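Letter by letter, the chains look like this.
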Amino acid sequence: MTSETADSAEAVGTITPTADAGFLQRHGGTIEYVLIPGAALAGALVVFGIFVMMSGKNPLDLYFYMYQGAFGTWFSWQNTLTRAAPLILTALCTALPAQLGMVIIGGEGALLIGALSATSAALLLQGMPPLVVQIAMVIAGVIGGGLWIMLAGALRQYRGVNETISSLLLVYIALAILNHLVEGMMRDPASLNKPSTREIGAANMIGSIPGTDVHWGLVFGLIAAVAAYILIYHTVFGFAARVAGGNIRAAKIVGLGVSKLILTICFLAGGAAGLAGMVEVAAVQGRTNANLAAGYGFTGILVAFLARQNPLAIIPVAILLGGISASGGLLQRRLGLPDASVLVLQGIIFVFVLASDALYGRISFLKGKS
């Protein structure tokens, strides 16, 4: 070995650890946000597989059919994306207030109120051009859902009511309002066994993306997620929200309008969930009935937590959770598992995600230190 080669080898040996440490110091946090939720998800799947094995089923068959039901065919993909659309929007209902340090879990209620508002707008505008009706439905759904979650924000800001409790209780109030109206003044007399409102009309449905069976609600969700990311991370308003979320007393001292921030963020969050309700009416149900209470709002909470409240990360996580939900039918047919098994899996995932929260910032090799 020549002296020049030796010097080069020594230089590489000297620089490489420092470079690696610098890389980990710069990107360790980002790696954590991917590694820890991924490990929590994998751990939940393993535990769920053990439960399935205890019931006499092969866990490998479980994982195979879950993949087949979620992503194995083009039909599965379309089913997954259709289910992901409302999950993206309801996850934003939790993720946006989280920027202010608020834990809002009332997306299901905002979805129901948004659906009722959108249906009311469509029924009132019967005979108008479809585009006018659809725009009115979007506006009504967003305003209805937005005001519903803004109520939780106002109770927290002006009355000191815990927003987690109030937003959860508002879900049951929204469900009671929906049942009261659907079984009362808004009921279609023709709906005998299953109370429903009158149909909004085929012309007013938003239809599917050309060449697919996936409705336009997916596009609405993608646009909303990207817009939320830009708002939170690339605007003065978003910066103010994150400052207030980090230290609300400091935000008040420097003159930030905390009340305005809370009410605005809560309105936008509820508006996203209300839009999900509008999409379910205008793209799937065609009317308002009890089928709208399908749990999308509650699953959206899990999506938001897995995505670490990042609006862009919500998109792939919603697709993943949508796939798990879509695989429930196949698991029931091929393995004889109850269709609600996917709900059990979602519960296990949620427990693992909450437990893994203690690991952030504590994984030494991601800190770039030897």
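In the annotation of an unreviewed UniProt entry, the chain is listed under the name ABC transporter permease and assigned to Bradyrhizobium manausense. Quoted straight from UniProt, the Subcellular location (unreviewed entry) entry for the chain says "Cell membrane".

Scanning the chain for helices and strands turns up 14 helices and zero strands. Along its sequence from the N terminus, the chain presents helices and strands in the succession α-α-α-α-α-α-α-α-α-α-α-α-α-α. For the chain, with 370 residues in total, the buried portion stands at 45%. At a minimum sequence separation of 6, the contacts of the chain that also span at least 24 residues come to 77%. Surface exposure of the chain reaches about 17,700 Å², of which carbon and sulfur atoms provide 66%.

Turning our eyes to something else, we now look at the nonpolar core. With 92 residues, the main nonpolar core has Met-137 and Ile-349 as its most contacted residues. Counting the residues that make up this core, at least three belong to each of domain 1 (24-57 + 339-370) and domain 2 (84-336).

As a volume, the largest pocket reaches approximately 690 Å³. Lining the largest pocket we find 25 residues, and of these Tyr-33, Leu-306, Ala-307, Arg-308 and Gln-309 sit closest to its centre. Within the residue set of the lining of the largest pocket, elements represented by two or more residues are helix 1 (3-54), helix 3 (74-98), helix 11 (296-306), helix 12 (311-326) and helix 14 (341-356). The element best represented in the lining of the largest pocket is helix 1, accounting for six residues. Of the residues in the lining of the largest pocket, the class split is 17 nonpolar, six polar and two charged. Of the volumes computed, that of the second largest pocket is approximately 360 Å³. Taken together, 18 residues line the second largest pocket, and the ones lying closest to its centre are Arg-83, Ala-294, Ser-325, Val-342 and Leu-343. When residues of the lining of the second largest pocket are traced back to their parent elements, those giving at least two are helix 3, helix 11, helix 12, helix 13 (328-335) and helix 14. Of the residues that constitute the lining of the second largest pocket, the class distribution is eight nonpolar, eight polar and two charged.

What counts, and where the lines are drawn
Residues numbered from 1 in each chain as written. Predicted model: local features only at pLDDT ≥ 70, side-chain atom pairs only at ≥ 80, totals over all residues. Heavy atoms only, no water. UniProt positions renumbered as here; feature names shortened; annotations may be inferred. Helix = DSSP H or I, 4+ residues; strand = E, 2+ residues; numbered from the N terminus. Buried < 20%, exposed > 50% of the residue type's maximum accessible area, 1.4 Å probe, protein only. Contact = heavy atoms within 4.5 Å. Areas by Shrake-Rupley, 256 points an atom, 1.4 Å probe, with all protein chains shown as cover. Core = buried A, V, L, I, M, F, W, Y, C linked by side-chain atoms within 4.5 Å. Domains from an automatic or database assignment. 1 Å grid on protein atoms, 1.4 Å probe; cavity = no way out; pocket = protein on both sides within 12 Å on 5 of 7 lines; lining within 4 Å. Points joined across faces, edges and corners; volume = space filled by probe spheres on them. Nonpolar A, V, L, I, M, F, W, Y, C, P; charged D, E, K, R; others polar.

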